[in-house]
Structure formats: structure tokens, C-alpha cells
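The lines below spell out each chain.
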Amino acid sequence: MSITVEALHPAIGARVTGLDLREPQPDATIAAIEDAINRHAVLVFPGQSITDAQQLEFSARFGTLETTVRAYRSDFVPRLDLRIADISNLDHNNQVRTNDDRLRLNALGNRLWHSDSSFKRVPARYSLLSARVIPSEGGETQFADMRAAWDALPDKMKAQLEGLVCEHTQLFSRARIGFTDWSEEERAKMAPVPQVLVRTHPGSGRKSLYLSSHAGRIRGMPAPEALMLLLDLNEHATQPQFVYSHRWTVGDLVMWDNRCTMHRARAYDETQVRDMHRTTVSDGVPTVQEAA
């Protein structure tokens, strides 16, 4: 059975139908999905009521899976398999988190534009997010195409950005919203890591900005200048012509390429359950080759 790919936005996003992710997928289908994501960067698979085991099996077809960084903290009690990021407002007893809950406050940082795991030495390639329970309104996820954003930059700015290396850490992104409640073991594991600011997307051959709220420094540049440049680039890259906003339906699985996108969650009524399960495929190699 061949899949059907239908564009959702001129710059980014496509709907993929004609497959059942509860079943093992043949190599030809996986290749077709990779071709589609190389073109569209974000793929929406509607009507996929999958289990965690099925999501893990499908995700692993695209590479090695990451484990959640919440496990950096020794007192962390997981609700899900450590290979599944718990993108929900539920605690380990499946109760809605209270307003002052530490993990809830940390997770508010997901409303900043970011690329998953850019704070890791080896960042993420793909993320796959499955909607299990959604609130009655709000909670959309927005995606911005960093290749289209690069294409739209003036040549002079492109020349200025080539070769720049940023430093990324969750300490930077969470500080933007005033969250500083980190254990010493977390701080040690979250030391800033280098990431190139401009990368070439291997699947399409197109150049792309590599931006994220986790980026807080540019090597060799004074901090105020670096932060202003990053702010300007983020404002440029998230203009409406580069952004697809996804309104979730239960059973949606959305897959995106972190190498050429940013995304952010939107607000919702947190007295209602929002239960989303994310698997993350590692990119396998760092963006900056240097001695440890």
C-alpha cells in the first residue's frame, strides 16, 4: 500500500495517510516517509491510535532513540518508559500537576521556540509526538521552517552567520522564564554544548538556521551582541509565512525534523488533561567536531 502525502502549508508540513502504524512498516514505506519529511519537515499522521510499544517500534526504524533528560535527577519517578518523553500535565500517579509543581513550571519552557535536544552534544534528528488525551481547546503546537527562514535572509546576513558556533543548555532556556530550580547533578549534566548556527540539511541539501531557546551564547561574540542577534533571528524565523500551527486531534502522530525546524507548544486550560507521548531519534553525530 502506497502512502499519500498532502501539503498543509506552502513552507512546512504535510498530512500522510494510507498506512496503519499499529502494524510493522515495510522498508519501502519507511523510505517514502523519509523522502516526505525531507521535503516537508513536519508530517501529520492522523487517526493513529497506537500504544507506547507500537510508537517505540515505529520510531526506532529511523535511528537510535534518546532517553528523557528528566532521568538526570536521581529523585525522578517516571510515569512512562524512559525512551518516551512525558509531554503531559500528569504526575506519576496520573493526577493533574498542581500549579506550583516543579516539573509543570519547568515544562512551561516548551512554550518557547526550540529544537528538541539542541542542549545535548549530539542533538535530535526526529521527534514523534502522539496525542493520547487533549484539552477541549488550546494546546496547539506550532512549527517553523528554518530552511525557508534561511532562504529569506539577505546575503550579507547569511555571510555574517556562516561559521558561527552557539552554546546551548536548558539552563539558558529555562532562565528566560525565571525557572532556576535545578539540582547540582542536573547542572553538571547540563553544561553548555556547542552547536553550529547554520547547518546543511542532509536530506534536502538545503541550508538551514539552527536556532533554539536553549541557545544563549555565540562563541567569540560579546553576550549582549550575541543575544540580540539570536533574538533578531528568532523573530525573523517565526514569521507567519514560515509557520504551520497544528490543532491536535486524539490519535494524531506528528513527526518533525529538528535539524531544520523549531516548534513551540501553546497555552491551554491546565485543569484538563493533556497527555502526549514523544519519542526522539538521535542524530547520531554532533554538529561541531571538537575534542571532548
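All of these numbers come straight from a predicted model, not from anything done at the bench.

Rules used in this analysis
- Residues numbered from 1 in each chain as written.
- Predicted model: local features only at pLDDT ≥ 70, side-chain atom pairs only at ≥ 80, totals over all residues.
- Heavy atoms only, no water.
- Pairing = 2+ DSSP bridges.
- Helix = DSSP H or I, 4+ residues; strand = E, 2+ residues; numbered from the N terminus.
- Axes fitted to C-alpha atoms, helices over the stretch in contact; angles between N-to-C directions.
- Contact = heavy atoms within 4.5 Å.
- Core = buried A, V, L, I, M, F, W, Y, C linked by side-chain atoms within 4.5 Å.
- Buried < 20%, exposed > 50% of the residue type's maximum accessible area, 1.4 Å probe, protein only.
- Phe/Tyr/Trp six-rings, centres within 6.5 Å; stacked < 30°, edge-to-face > 60°.
- 1 Å grid on protein atoms, 1.4 Å probe; cavity = no way out; pocket = protein on both sides within 12 Å on 5 of 7 lines; lining within 4 Å.
- Points joined across faces, edges and corners; volume = space filled by probe spheres on them.
- Nonpolar A, V, L, I, M, F, W, Y, C, P; charged D, E, K, R; others polar.

Topic: the sheet that holds strand S15 (residues 275-282)
Then, in step 1: Ordered by their spatial adjacency, seven strands build an open sheet running S1-S2-S3-S13-S5-S15-S4, and the pairing between neighbours is mixed. Every other strand in the sheet has two partners, leaving strand S1 (4-7) and strand S4 (85-88) as the edge strands with one partner each. The average angle at which neighbouring strand axes cross in this sheet is 25°, direction not considered.
Then, in step 2: Summarising the sheet, strand S5 (residues 124-133) and S15 pair through eight bridges and their orientation is antiparallel. Each residue of the ladder has a partner; that of leucine 129, found in S15, is arginine 278.
Then, in step 3: Across the sheet, helix H1 (residues 27-40) lies against S1, strand S2 (14-17), strand S3 (42-45), S5 and strand S13 (253-257), angled at about 130° from S3, the strand it touches most.
Then, in step 4: Contacts from helix H2 (residues 52-59) reach S3, S5, S13 and S15 within the one sheet, and its direction differs from that of S15 by about 25°.

Topic: the sheet that holds strand S7 (residues 165-168)
Then, in step 1: Strand order in the open sheet formed by three strands is S8-S7-S11, and the pairing between neighbours is antiparallel. Each end of this open sheet is capped by a strand with a single partner; those strands are strand S8 (193-196) and strand S11 (215-218). When the angles between neighbouring strand axes are averaged without regard to direction, this sheet yields 40°.
Then, in step 2: In terms of strand pairing, S7 meets S8 through four bridges, oriented antiparallel. In the sheet register, glutamate 167 faces S8, and the bridge partner there is proline 194.

Focus: the nonpolar core
A general tendency of soluble globular proteins is for nonpolar side chains to be buried together.
Then, in step 1: Among the nonpolar cores identified, the biggest contains 25 residues, and Leu161, Leu197, Leu209, Leu211 and Ile218 are the most heavily contacted of them.
Then, in step 2: It is helix H8 (residues 223-237) that provides the largest number of residues to this core, a total of five residues.
Then, in step 3: Among all residues touching leucine 209, those that are not within four sequence positions of it are Met146, Ala149, Trp150, Leu153, Leu161, Leu197, Ala237 and Arg259.
Then, in step 4: Membership of the second largest hydrophobic core comes to 23 residues, among which are Ile30, Ile33, Leu43 and Leu56.

Re the packing of aromatic side chains
Then, in step 1: Applying the stated rule across the entire model yields five aromatic pairs.
Then, in step 2: Aromatic side chains phenylalanine 58 and phenylalanine 62 sit 5.2 Å apart centroid to centroid with 85° between the ring planes, which places their arrangement in the edge-to-face category. Comparing phenylalanine 58 with phenylalanine 62, the two get one shared label, buried.
Then, in step 3: Through successive ring pairs, a cluster of aromatic residues spans Phe45, Phe58, Phe62 and Tyr126.

Observations regarding unusual backbone geometry
Then, in step 1: Of note in this structure, asparagine 94 is not a glycine but carries a positive phi near 65°.
Then, in step 2: Here asparagine 94 is to be found in the loop between S4 and helix H3 (102-107).
Then, in step 3: Its identity as a non-glycine residue notwithstanding, serine 117 has a phi of 60°, on the positive side.
Then, in step 4: As for its position among the elements, serine 117 is in the loop between H3 and S5.
Then, in step 5: A relative accessible area of 4% places serine 117 in the buried class.

Things to note about empty space enclosed by the protein
Then, in step 1: For the coordinates displayed, the defined rule picks out one cavity of 30 Å³ or more.
Then, in step 2: The space that makes up the largest cavity amounts to roughly 90 Å³.
Then, in step 3: Phe76, Pro78, Arg79, Leu80 and Asp86 are, among the 15 residues lining the largest cavity, the residues nearest its centre.
Then, in step 4: Here the lining of the largest cavity is built from residues that sort into seven nonpolar, two polar and six charged.

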